[in-house]
Number of protein chains: 2
Amino acid sequence: MRVNRGVEWAAHCAALLAALPQDVSVPAATLAEFHDLPAPYLAKQLQALVRAGVLSATTGPRGGFRLARPAAEITLLRMVEAVDGAASPYECREIRQRGRGALPPEDCRDRCVLAAKMAAAHEAWRQTLADVTLADVLAEIPPTAPARTRSILAGGRSDAS
Amino acid sequence: MRVNRGVEWAAHCAALLAALPQDVSVPAATLAEFHDLPAPYLAKQLQALVRAGVLSATTGPRGGFRLARPAAEITLLRMVEAVDGAASPYECREIRQRGRGALPPEDCRDRCVLAAKMAAAHEAWRQTLADVTLADVLAEIPPTAPARTRSILAGGRSDAS
């Protein structure tokens, strides 16, 4: 069970943007350079965040990416599922209905117990990520980090987004 | 994020064995046939359950697999991790320490906030699976299923394991 490594990239980039004034957009290449990430792959993750309503893409000389909404309204779950998909990690193939021991259809009206338990675990995972916003993340990163981010990406402007 | 499909096979086989008298061992080929599973791959998952202390392998003419301990002492987590591994699905590559925006080492003594949140979600997933035992699963499957299992795999003997 592995989460797409792009989740780390996307979440870090969103956290960087959350530290900037709201009107500052950052080009994909600049974001890639910030943490030495592979630009073409990062661009794909950034577009996924745009589709999920996490980021807005702006064009023009000062174009790039910025948050599409306040950091307090962006959950970690939304970012993770934007990049990694929302499918349950456990796929029930209804093996209980196969083979010599197959259960009859009338015993299979309810979801397979094992599938239900695995789904409950996935839901607990989702809920934990849904309870964390980008604002929470920003509040817990090293206190010097946001100022450094603003210094590098926004000429030091500190009017928070 | 995908759980190894062998998890479904292994958990179903353990649930079958949990319905049998404790002294009944079932050959891997018979278990494979029960739900029409690919025998060589299933054998690998059964061995993983043995290594995890979920099953015991016995040899001889009546040999095969049986539960290594009472069903109430076998959690779904133990079976899932036996087959799929126990690694966290999120691998933190410390990108915060890379590139033009790298944080200095003194700001990275604590674990990356994003890694900590992802670990908390994984822990919630694990806890949900740790709270479910094979006995719980057996109590929730269709009531006719254990008798059918015993009829096919244990000649109908019903002294519970």
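Above this text sits the structure in question.
Residues numbered from 1 in each chain as written. Chains lettered and ligands numbered in written order. Predicted model: local features only at pLDDT ≥ 70, side-chain atom pairs only at ≥ 80, totals over all residues. Heavy atoms only, no water.

1. Brief notes about the interface of chain B and chain A
Every contact between the two is made by 57 residues of chain B and, on the other side, 57 residues of chain A. Carbon and sulfur atoms make up 63% of the area that chain B and chain A hide from each other, which totals about 5,700 Å². Scanning the region where chain B abuts chain A turns up four salt bridges. A salt bridge links Glu140 of chain B to Lys117 of chain A; the shortest N-O distance between them is 2.9 Å. At the junction of chain B and chain A, the tally comes to 26 residue pairs in polar contact (both at pLDDT 80 or more). Elements represented by at least two residues in the side of chain B that touches chain A include exactly helix H1 (6-18), helix H2 (28-34), helix H4 (76-84), helix H5 (113-130), helix H6 (134-140) and helix H7 (145-153) of chain B. The element best represented in the side of chain B that touches chain A is H5 of chain B, accounting for eleven residues. When its residues are assigned to classes, the side of chain B that touches chain A shows 32 nonpolar, nine polar and 16 charged. (Contact = heavy atoms within 4.5 Å. Buried area = accessible area lost by both parts, 1.4 Å probe. Salt bridge = Lys/Arg side-chain N within 4 Å of Asp/Glu carboxyl O. Polar contact = N/O pair within 3.5 Å; in protein donor to acceptor, adjacent residues only side chain to side chain. Helix = DSSP H or I, 4+ residues; strand = E, 2+ residues; numbered from the N terminus. Nonpolar A, V, L, I, M, F, W, Y, C, P; charged D, E, K, R; others polar.)

2. Comments concerning the pairing of strand S2 (residues 64-67) of chain A
Residue and element names in this part refer to chain A. Where strand S1 (residues 55-58) and S2 come together, four bridges link them in antiparallel fashion. When the bridges of S2 are listed, Ser56 appears paired with Arg66. From the end of S1 to the start of S2, which pair antiparallel, there are five residues, and Gly60 there has a positive phi angle of about 100°. (Pairing = 2+ DSSP bridges.)

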